[in-house]
Amino acid sequence: MARKNKRRMSPEQKQARRSRWLNLMVYLPVKLVIFGALGVGIGLAAYQVASYLKTSPALAVRTIEVRGAERTQVGELLEASGMKEGMNIFSVGTGEAPKRLVSLPWVKKAKVTRVVPDRIVVEVVEHQPVAVINLEGLYYVNRSGEVFKRVQPGEREDLPVLTGVSRTSFRDRPQRARKHIRESLRLIKTLQELPCVKKRRVAEVHSDELMGPSVVLDPGALTVRLGNQDLLGRLSTLCQLMDAIDDRRLKARSILLYHSGRPGWATVQLDKRKTIASSNSNIE
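Residues numbered from 1 in each chain as written. Predicted model: local features only at pLDDT ≥ 70, side-chain atom pairs only at ≥ 80, totals over all residues. Heavy atoms only, no water.

## Some words on the nonpolar core
The tendency in soluble globular proteins is for nonpolar side chains to be buried side by side. What counts, and what does not: What is meant by a nonpolar core is a set of buried Ala, Val, Leu, Ile, Met, Phe, Trp, Tyr and Cys residues, joined one to another through side-chain atoms within 4.5 Å. The cut-offs for exposure are 20% and 50% of the maximum accessible area for each residue type, with area from a 1.4 Å probe on protein chains only; residues under the lower value are buried, those over the upper are exposed, and the others partly exposed. By definition in these notes, contact holds between two residues if any of their heavy atoms fall within 4.5 Å.
Judged by nonpolar contacts, the single largest core of 35 residues is most densely connected at Leu162, Val224 and Ile255. Discounting residues that sit within four places of it in the chain, Leu162 has contacts with Ala131, Val132, Ile133, Asn134, Val141, Ile181, Ser184, Leu185, Ile188 and Val205. Grouped together as the second largest cluster of nonpolar side chains are 16 residues, Ile89, Val107, Val122 and Val124 included.

So this is what it looks like as structure tokens:
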């Protein structure tokens, strides 16, 4: 049998083979050991740095600055957040502290910022009440229609009262209740922009799905029943009627701005219990 020819390796190939063997068997393990040692060293150094930052007296909080808090006491804010002077600045959780702050009734948003080495800044955005709602007790309502806090004794402000939404409806049908609240707030804003209402105050807005909204204007506790249709047109009629009543130096107890059988008519009831019917703004 013929003997196979075995190709001889050149010196360059032998050198390359030897280099691959050294890399695999010697250099690679050495590199892994070195990198592992470096990783442990870096980790240990990082741990020591973190430990120092959290315990160093040089990083103790000396000042806590609170911004935006008008209705919430500073002490109440600090107690809720868990922050106090003297604690390490890096022990203050800038993510957790705001979550605890928004649990306070007046606080809508909160932000906590560290100012190294020794100052904490707390920025608070509070709810701004624009009305109160009667839900078997009075509660504040903000501009977005959120019911955010129960009115406490001595805390009452001169705000419009929203009625017609029951506590049961608010609990069981929150979206529907929120819709009525927002509609009432829009109505208040529209009324306050009318020339004939600028000298008066919207004392109450009552929501009624069947009869439509009604309002009470002060002074005088004037009740105005608006109905469900053509609200803007009826508000224009309201101003014409109120101007005519003022020109005659009369005092109205109530104004009914809709008649199911007589569109365009309104009824004005005076203090002397005389009822005057009018077409648009012309009192007859």
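## Re unusual backbone geometry
For residues that are not glycine, phi is negative in most cases, and the peptide bond is trans in most cases. Selection criterion: Secondary structure elements follow DSSP: runs of H or I no shorter than four residues count as helices, runs of E no shorter than two count as strands, and numbering proceeds from the N terminus.
The peptide bond linking Val116 to Pro117 adopts the cis configuration, its omega dihedral lying at 20 degrees. Structurally, Pro117 can be placed in the loop between strand E2 (107–115) and strand E3 (119–126). In the segment running from Asp218 into Pro219, the intervening peptide bond is cis, with an omega of -5 degrees. By the element assignment, Pro219 lies in the loop between strand E9 (214–218) and strand E10 (222–225). Positive phi, normally seen in glycine, also occurs at Glu136, with a value near 55 degrees.

## Considering the sheet that holds E2
The strands making up a sheet are joined through hydrogen bonds of the backbone, oriented either antiparallel or parallel. What counts, and what does not: Pairs of strands are assigned from DSSP output, requiring at least two bridges between the strands. The axes used here are C-alpha line fits, helices contributing only the stretch in contact, and every angle between their N-to-C directions lies in the interval 0 to 180 degrees.
Strand order in the open sheet formed by three strands is E1-E3-E2, with mixed pairing between adjacent strands. The two strands at the open ends of the sheet, each matched to only one other strand, are strand E1 (63–67) and E2. The average angle at which neighbouring strand axes cross in this sheet is 15 degrees, direction not considered. Inspection of the sheet shows E2 paired to E3 by eight bridges, in the antiparallel sense. Bridged to Ala110 within E3 is Val124.

## Things to note about the confidence of the model for the protein
Just so we agree on the cut-off: The pLDDT score gives, residue by residue, the confidence of the prediction method on a 0 to 100 scale.
Summarising the model, the protein shows a mean pLDDT of 81, and 73% of its residues fall at 70 or more. With pLDDT under 50 throughout, residues 279–284 is counted as low confidence; its partners more than four residues away or in other chains account for 18 contacts.

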